[in-house]
There are 2 protein chains.
Amino acid sequence: MTHPTTTPDELQSLLAGAAAAAPDWAARGPADRASALTAVADALDEHAGALLPLAREESHLPDGRLAGELKRTTFQLRLFAALLRDGAYLDARVDHADPDWPMGARPDIRRVLVPLGPVLNFAAGNFPFAFSVAGGDTAAALAAGCPVLVKVHPGHPRLSARTGEAVALALRDAGAPDGVFGLVNGVDEGVTALRDPRVKAASFTGSVAGGRALFDIACSRPEPIPFYGELGSVNPTFVTRAADAARAEEIAEGFVGSFTLGAGQFCTKPGVLAVPEDSAVLRRLRSAALPGPAPMLSARFAEGYARRLGELAGHAAVRPLAAHGSAHADPPAPALLTAGVEDVLAGGEELLAECFGPAALVVTYAEESQLVALARALDGQLTATVVGEDDDAVVPELVRLLAERAGRVLWNQWPTGVSVTYAQQHGGPYPATTAPTTTSVGTAAITRFLRPVAYQGFPDHLLPEALKEGNPQGLPRLVDGTPAR
Amino acid sequence: MTHPTTTPDELQSLLAGAAAAAPDWAARGPADRASALTAVADALDEHAGALLPLAREESHLPDGRLAGELKRTTFQLRLFAALLRDGAYLDARVDHADPDWPMGARPDIRRVLVPLGPVLNFAAGNFPFAFSVAGGDTAAALAAGCPVLVKVHPGHPRLSARTGEAVALALRDAGAPDGVFGLVNGVDEGVTALRDPRVKAASFTGSVAGGRALFDIACSRPEPIPFYGELGSVNPTFVTRAADAARAEEIAEGFVGSFTLGAGQFCTKPGVLAVPEDSAVLRRLRSAALPGPAPMLSARFAEGYARRLGELAGHAAVRPLAAHGSAHADPPAPALLTAGVEDVLAGGEELLAECFGPAALVVTYAEESQLVALARALDGQLTATVVGEDDDAVVPELVRLLAERAGRVLWNQWPTGVSVTYAQQHGGPYPATTAPTTTSVGTAAITRFLRPVAYQGFPDHLLPEALKEGNPQGLPRLVDGTPAR
């Protein structure tokens, strides 16, 4: 399905509109923006009957999954609305003048977070709702007070257009300024927008190659801008000997369910599973009833899957473990490969790079010390999982090493399924992301689109509401270094 | 004064040492690291008698200024120690499992900030203590739990070596791991370190050209890393008509004092002052008794000053306003230039780029609406100042525009002098910095060297202390979205 690309005139109009809307949207009180986000959530719920069939048609994802994803999307918008109403996200700080400040007299300084300006959000292909037009990056940036332009993912153009209409209408009806939200169609048009000086930050969810190319553009602008790219991860899972002995069936079933979920098209898919040689889990996986082929998001994703799986399978150290059909069939079949840990350590990046689709590499080890060596060899990861028993000797060191390399570490759970919560962290060192100090899921995601401004020596009537002496918004603040409300 | 550059073997040893120290330093409790920072501060105080004369000799800065700067430096170390003891900087969050979480059952997720790993800090030339070997970036990174390598500024090599010895010894005596701190001498050696995969973040204070070159290297690594560059700023000051009429003498004196302070070698020097045409401030500045020439940090800084001042003075729209000697003399004389606001708006970047040294451009306006136009034309700034009266009509719009472009906005105060406090913000959009969402001064500076990690589904005994259910460290935490201690 082709879709008209944004014309140069339209793009200029979108960029000008976003820039013009920025001061007005920033100046709205958090309560106003919260109402607007809630209105967007309500509109998505209201249009679910039109949106879900479009999503089904364009993404080939099953109805249940899409309904759950839409629920997640509207929940996320409402959670950011609640965050705005609370106000702690502003990190408001008041330091009163202090003639006795030990380094020398301190002036009155007050600091609050303000929006960065227009944000360009590159939508993901694998979550047509939750990481697309009205997804997490859009919700976080709008909540922060930034206008948002969404570069539409070409995999679901009609759903994007329909969602975009609903979002734009809901924002307009909620009194948001014209230009606060818009869609950009076309690869080159997205790059042109990324290079435009009116865009002040960008976010992205997708492949390492695509994300890195855009990151490089963002960094090489005359004015470089923050680029929040969520790229690739193999999400390694480490099964200890004791866990293998105790719970092989549960582990094998859980793993198959997780790596084939959504046809393996999750950035948190467990792509590497380390198990003991000749272990019970390995035996079960060898004879596992893998689920049947499921359609991938598009022919492009299916081709990428078959190509990358072919690379992996063609590696001298890699052998097939289980498959029920061909990765070249339509739809392609899930596949499990296997290799020894020493070969994987020697093979490095080639074997430990993401294969987007329903495949995983089962790495066999002889000694648990090799789990530690494997953990040390990892690049940055979104997640890393330990399947172990409470008193496993290897676990503390393993968890420590994995926490150095991953944004989220899991214990006896599977990494697919990323809850939207206060403590969630969806990020990690490169290549998991281009911005290891941030998260793209959870309430902390809003800080990506904010920057601090300090006001020094101002009279009360010229201060922003958040910083006035009487705290009219009732914000939680840090006053002279101490929390106060 | 030449100084031996770090040899390739020494550099490899420093990098290996920093990487080896990282897990140990990260694993120390915040209280341990606080003790080590305090020990460093004590050591600097103890060695003041040796350090101050070296600083005087190498920087040509006056004794009083250097003593004040050393006080600032030790205060900063102790403030970070206090921050560690409090623990709020960890932003610890606990979300208990919740089967009724609206988007679907929530697992137990707990999140805390952890150190990024070894940090490379490029020292500044203009603050031989506070932004150098034991300065703010070093204090913040060590506090965060990161080993630190300092690329020594060539302007004060002996002071750097002596300070480095004191810091290293204090850290060793406080029980910090070997390799947690070291010095790198040499430009190429600094770049080699910046490219090394063991370095996980870098900080820099200096020129736009130098900082951008290093930023580009940091971003183009196979694994890009956060680069916190604090670059250039003209720190514009806007004087309203009413303020000019009411307080011309005070404003002129304050301005001269601020732009010539420390021979104008502050990143917060007010380099642009906007005043009404034929105003009282302008008349006073025309006949102002500028302070006599003061030695600059080095011949290189003096040459740079004379060259940039020559460019400015040579611009067709620029006329001399006041000078008492030549910028080419040794030491060079302060200088004031002037230009009309319309010419400045037409001249753009050429006239609104930093001149590092005791010079400033006085921009004259006919209408206060031109102040708004000038504010709109600004690039990112560290600071922007309004000198006005409480009921000036132009002020609210002006302050709003300046807060969009600067990290710190001041009211009737001068931007030089950056207090180290909880609410301080020393940063701003590019080219003020390469990282607009962060600060390099104040307690919030620590977050530059931290990243979040979430733990999902862990039993209590495998969780980090900060996240255990009983909160043994007594940290302020966000529990199920609500602040708790």
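Computed from a predicted model, the values in this text were never measured in an experiment.

The subject of this paragraph is the overall build of chain A. In terms of regular secondary structure, chain A is built from 14 helices and 17 strands. At 24 Å, chain A has a C-alpha radius of gyration in line with the 23 Å of a compact globule built from 485 residues. In terms of overall dimensions, chain A has a C-alpha envelope of 75 × 60 × 40 Å along the principal axes. For chain A, the share of sequence-separated contacts (at least 6 apart) that also reach a separation of at least 24 residues comes to 76%.

All right, on to the relation of the copies chain B and chain A then. The two chain copies are connected by a rotation around an axis plus a translation along it. Its rotation angle being 180 degrees, the transformation that places chain B on chain A also includes 0.0 Å of axial translation and leaves an RMSD of 0.0 Å. When the rotation and shift are considered jointly, the pair of chain copies conforms to a two-fold rotation axis. It is Cys219 of chain B whose C-alpha, among those of chain B, lies nearest the rotation axis, at 3.4 Å. Same-surface contact between copies: 100% of interface residues of chain B are shared with the interface of chain A.

Residues and elements named next belong to chain A. Taken across its seven residues, strand E2 (residues 109-115) has seven buried, putting it largely inside the fold. What you see with E2 is no split at all: Ile109, Arg111, Leu113 and Pro115 on one side and Arg110, Val112 and Val114 on the other are buried throughout. Summarising the sheet, strand E1 (residues 93-95) and E2 pair through three bridges and their orientation is antiparallel. Note on E2: the bridge partner recorded for Arg93 is Arg111.

On to the UniProt feature "domain: Aldehyde dehydrogenase" (unreviewed entry) in chain A, then. In the numbering adopted here, UniProt assigns the feature "domain: Aldehyde dehydrogenase" (unreviewed entry) to residues 4-279 of chain A. With 51% helix and 14% strand, the stretch residues 4-279 of chain A has end C-alpha atoms that lie 54 Å from each other.

Residues and elements named next belong to chain A. Counted by the stated rule, this structure contains 54 salt bridges over all chains. Across the pair Arg106 and Asp480 runs a salt bridge whose closest N-O atoms are separated by 2.9 Å. Of this pair, Arg106 sits in the loop between E1 and E2 while Asp480 sits in the loop between strand E16 (477-479) and strand E17 (482-484), placing them 374 residues apart in sequence. A residue is classified by how much of its surface remains accessible, and Arg106, at 5% relative accessible area, is buried. Each of Arg376, Glu397, Arg400, Glu404 and Arg405 takes part in salt bridges that share partners, so that together they form one network.

Take helix H6 (residues 157-173) of chain B next. Residues and elements named next belong to chain B. A rise of 1.5 Å per residue sets the reference length of H6, with its 17 residues, at 24 Å; its end C-alpha atoms lie 24 Å apart and thus fit the reference within 8%. Of the positions making up H6, those classed as buried are Pro157, Leu159, Ser160, Thr163, Gly164, Ala166, Val167, Ala170 and Leu171. Against the buried residues of H6 lie helix H2 (30-46), helix H3 (48-59), helix H5 (136-144) and strand E5 (181-184). Remark: Gly175 follows H6 within two positions and exhibits a positive phi of approximately 90 degrees.

Bringing the packing of aromatic side chains into the picture now. Scanning the entire structure with this criterion turns up 26 aromatic pairs over all chains. Note on Phe75 of chain A and Trp101 of chain B: the rings are 5.2 Å apart at their centroids and 75 degrees apart in plane angle, and the pair reads as edge-to-face. Of the two residues, Phe75 of chain A is situated in helix H4 (residues 63-86) and Trp101 of chain B in the loop between strand E1 (93-95) and strand E2 (109-115); the pairing between them involves two chains. For Trp101 of chain B, a relative accessible area of 10% gives the class buried. When the ring of Tyr228 of chain B is compared with that of Phe449 of chain B, the centres are 5.7 Å apart and the planes differ by 85 degrees; the resulting orientation is edge-to-face. With Tyr228 of chain B in strand E7 (residues 227-230) and Phe449 of chain B in the loop between strand E14 (406-411) and strand E15 (450-456), this residue pair connects regions lying 221 residues apart in the sequence. The exposure class of Tyr228 of chain B is buried, given its relative accessible area of 9%. Three or more aromatic residues joined by ring pairs form one cluster here, namely Phe122, Phe204, Phe215 and Phe227 of chain A. Across from the ring centre of Trp101 of chain A, 4.3 Å away, lies the NZ or CZ of Arg106 of chain A, which sits over that ring.

A few words on the sheet that holds E1 of chain A. The twelve strands lie next to each other as E17(A)-E16(A)-E1(A)-E2(A)-E15(A)-E14(B)-E13(B)-E8(B)-E9(B)-E12(B)-E11(B)-E10(B), forming an open sheet whose pairing is mixed. Only two strands of the sheet have a single partner each, and these edge strands are E17 of chain A together with strand E10 (319-323) of chain B. This sheet shows a mean twist of 25 degrees between the axes of neighbouring strands, independent of strand direction. Bridge count for strand E8 (residues 237-239) of chain B against strand E13 (residues 381-387) of chain B is three bridges, and the pairing is parallel. Bridge pairing links Phe238 of chain B to Val386 of chain B in E13 of chain B. Lying over the sheet, helix H9 (residues 241-260) of chain B contacts E8, strand E9 (272-276), strand E11 (335-340), strand E12 (359-365) and E13 of chain B, oriented at roughly 165 degrees with respect to E12 of chain B. Across the sheet, helix H11 (residues 299-314) of chain B is in contact with E11 and E12 of chain B; its angle to E11 of chain B comes to roughly 30 degrees.

With that settled, the discussion passes to the interface of chain B and chain A. On the chain A side, the residues contacting the 74 residues of chain B number 74 residues. Between chain B and chain A the total buried area reaches about 6100 Å² when both faces are included, carbon and sulfur atoms providing 62% of it. Three residues stand out in chain B for area buried against chain A, namely Met103, Tyr422 and Gln456 of chain B, and they jointly supply 12% of the buried area on that side. Where chain B packs against chain A, one counts zero salt bridges. Counting across the interface, chain B meets chain A through 38 residue pairs in polar contact (both at pLDDT 80 or more). Among the elements of the structure, helix H4 (63-86), E1, E2, helix H8 (208-220), helix H14 (395-405), E14 and E15 of chain B are those that each provide at least two residues to the side of chain B that touches chain A.

Residue and element names in this part refer to chain B. Secondary-structure assignment places Leu382 in strand E13. Separated by 295 residues in the primary sequence, Leu382 and Gly87 place their C-alpha atoms 28 Å from one another. Apart from the residues within four sequence positions on either side, Leu382 is in contact with Glu230, Ser233, Asn235, Cys267, Ala406, Gly407, Arg408, His426, Gly427, Ala432 and Thr433.

The next point concerns the environment of Arg307 of chain A. Residues and elements named next belong to chain A. With respect to the element layout, Arg307 can be found in helix H11 (residues 299-314). Residue Arg307 is classed as exposed on the basis of its relative accessible area of 56%. Along the sequence, Arg307 and His328 sit 21 residues apart, while their C-alpha atoms lie 8.8 Å from each other.

A few words now on the domain arrangement of chain A. Residues and elements named next belong to chain A. Parsing chain A into structural domains produces domain 1 (8-231 + 434-479) and domain 2 (237-411). Relative to domain 2, the C-alpha centre of domain 1 lies at a distance of 34 Å. In this complex, domain 1 contributes eleven residues to the contact, which on the side of domain 2 involves twelve residues. Regarding the contact of domain 1 and domain 2, the summed buried area is about 900 Å², with carbon and sulfur atoms giving 61% of it. Area buried by domain 1 at its contact with domain 2 is led by His60, Asn126 and Glu230, which between them contribute 44% of it. For the pair domain 1 and domain 2, the interface holds zero salt bridges. Broken down by class, the residue content of the side of domain 1 that touches domain 2 amounts to three nonpolar, five polar and three charged.

Scoring rules and cut-offs
Residues numbered from 1 in each chain as written. Chains lettered and ligands numbered in written order. Predicted model: local features only at pLDDT ≥ 70, side-chain atom pairs only at ≥ 80, totals over all residues. Heavy atoms only, no water. Helix = DSSP H or I, 4+ residues; strand = E, 2+ residues; numbered from the N terminus. Rg over C-alpha atoms; globule rule 2.2 N^0.38 Å. Contact = heavy atoms within 4.5 Å. Least-squares fit on C-alpha atoms with pLDDT ≥ 70 in both. Buried < 20%, exposed > 50% of the residue type's maximum accessible area, 1.4 Å probe, protein only. Pairing = 2+ DSSP bridges. UniProt positions renumbered as here; feature names shortened; annotations may be inferred. Salt bridge = Lys/Arg side-chain N within 4 Å of Asp/Glu carboxyl O. Expected span 1.5 Å × (residues − 1). Phe/Tyr/Trp six-rings, centres within 6.5 Å; stacked < 30°, edge-to-face > 60°. Lys NZ or Arg CZ within 6 Å of the ring centre and 35° of its normal. Axes fitted to C-alpha atoms, helices over the stretch in contact; angles between N-to-C directions. Buried area = accessible area lost by both parts, 1.4 Å probe. Polar contact = N/O pair within 3.5 Å; in protein donor to acceptor, adjacent residues only side chain to side chain. Domains from an automatic or database assignment. Nonpolar A, V, L, I, M, F, W, Y, C, P; charged D, E, K, R; others polar.

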